[in-house]
Amino acid sequence: MNNQKTLVIVESPSKAKKIGEFLGDSFIVKACYGHIADLAKGGKHGLGIDIEHDFKPKYVLLDNQVETLQMLFREADNCNCILIASDNDREGEAIAWHLWSRLEDLRKPIKRIEFHEITKKAIQESLKNPHDINMPLFRAQETRRILDRLVGFTASPFLMNFFGPGLSAG
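A brief look at the structure comes next. Because the structure is predicted, anything quoted here is derived from the model rather than measured.

**Topic: the sheet that holds strand β1 (residues 6–10)**
Read across the open sheet, the four strands follow the order β2-β1-β7-β8; overall the sheet is parallel. If you trace the sheet from one side to the other, it starts and ends with β2 (27–31) and β8 (110–112), each paired once. Going across the sheet, the axis of each strand differs from the next one's by a mean of 25°, ignoring polarity. Pairing of β1 with β2 involves five bridges; the strand directions are parallel. Pairing of Ile-9 across the sheet is with Lys-30, part of β2. In the packing of helix α1 (residues 13–22) onto the sheet, contacts are made with β1 and β2, and the angle to β2 comes to roughly 165°. Relative to β8, helix α3 (residues 90–103) is tilted by about 175°, and along the sheet it contacts β1, β7 (81–84) and β8.

**A word on helix α2 (residues 66–77)**
Between its terminal C-alpha atoms α2 stretches 17 Å, which fits the 16 Å expected from 12 residues at 1.5 Å a residue. Taken together, the buried positions of α2 are occupied by Thr-68, Leu-69, Met-71, Leu-72, Glu-75 and Ala-76. Mapping the buried residues of α2 onto a view down its axis gives an arc of 155°, with all of them on the same face. Projecting away from the buried face of α2 at angles above 90 degrees are the exposed residues Glu-67 and Arg-74.

**Considering the nonpolar core**
Of all hydrophobic cores here, the largest spans 28 residues; its most connected members are Leu-7, Ile-9, Cys-32, Ile-82, Leu-99 and Leu-103. Listed by contribution, the elements that provide at least two residues to this core are β1, β3 (37–39), α2, β7, α3 and α5 (135–163). Top element by residues in this core is α3. It accounts for six residues. Excluding residues within four positions of it along the chain, Leu-7 makes contact with Ile-28, Lys-30, Leu-72, Glu-75, Ala-76, Cys-79, Cys-81, Ile-82 and Leu-83. Phe-22, Leu-23, Phe-115 and Ala-122 belong to the second largest nonpolar core, which has 14 residues in total.

What counts and how
- Residues numbered from 1 in each chain as written.
- Predicted model: local features only at pLDDT ≥ 70, side-chain atom pairs only at ≥ 80, totals over all residues.
- Heavy atoms only, no water.
- Pairing = 2+ DSSP bridges.
- Helix = DSSP H or I, 4+ residues; strand = E, 2+ residues; numbered from the N terminus.
- Axes fitted to C-alpha atoms, helices over the stretch in contact; angles between N-to-C directions.
- Contact = heavy atoms within 4.5 Å.
- Expected span 1.5 Å × (residues − 1).
- Buried < 20%, exposed > 50% of the residue type's maximum accessible area, 1.4 Å probe, protein only.
- Arc of directions from axis to C-beta.
- Core = buried A, V, L, I, M, F, W, Y, C linked by side-chain atoms within 4.5 Å.

This is the structure in structure tokens:
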């Protein structure tokens, strides 16, 4: 049943509540509670990165986000499109990409919206300018995360052996 609603996904429940007050009945506003996925801890050296094939990352759904993603799927079933309104920085773009990559199987339009303040005017203006995910910004976050994993997982044991426990390269 398609009742022409739009699902808006934000990061926090307090933002969802406030934005929901600005939008009418044709919108469902839900929180994703931040990151829903991260690099796996498997593979060679537990990196979650295929270092032999162009450093391809392997992402897994975070255990504490299974119910959140199930809820978003249920809500999206009642909507004709999805707008992701995570923060407009590297981490927010990564959150948007991970949500998009999980929700794309629903075969509904998924767009990104951005705003710099939570006001009715700013939210309404963002709805007029939906766009695709900023892939260069997502790739910047992904590269930083991969480097954190490569450097941190390989250098931290050395540092702990040399300087003592509790020291990390992260």
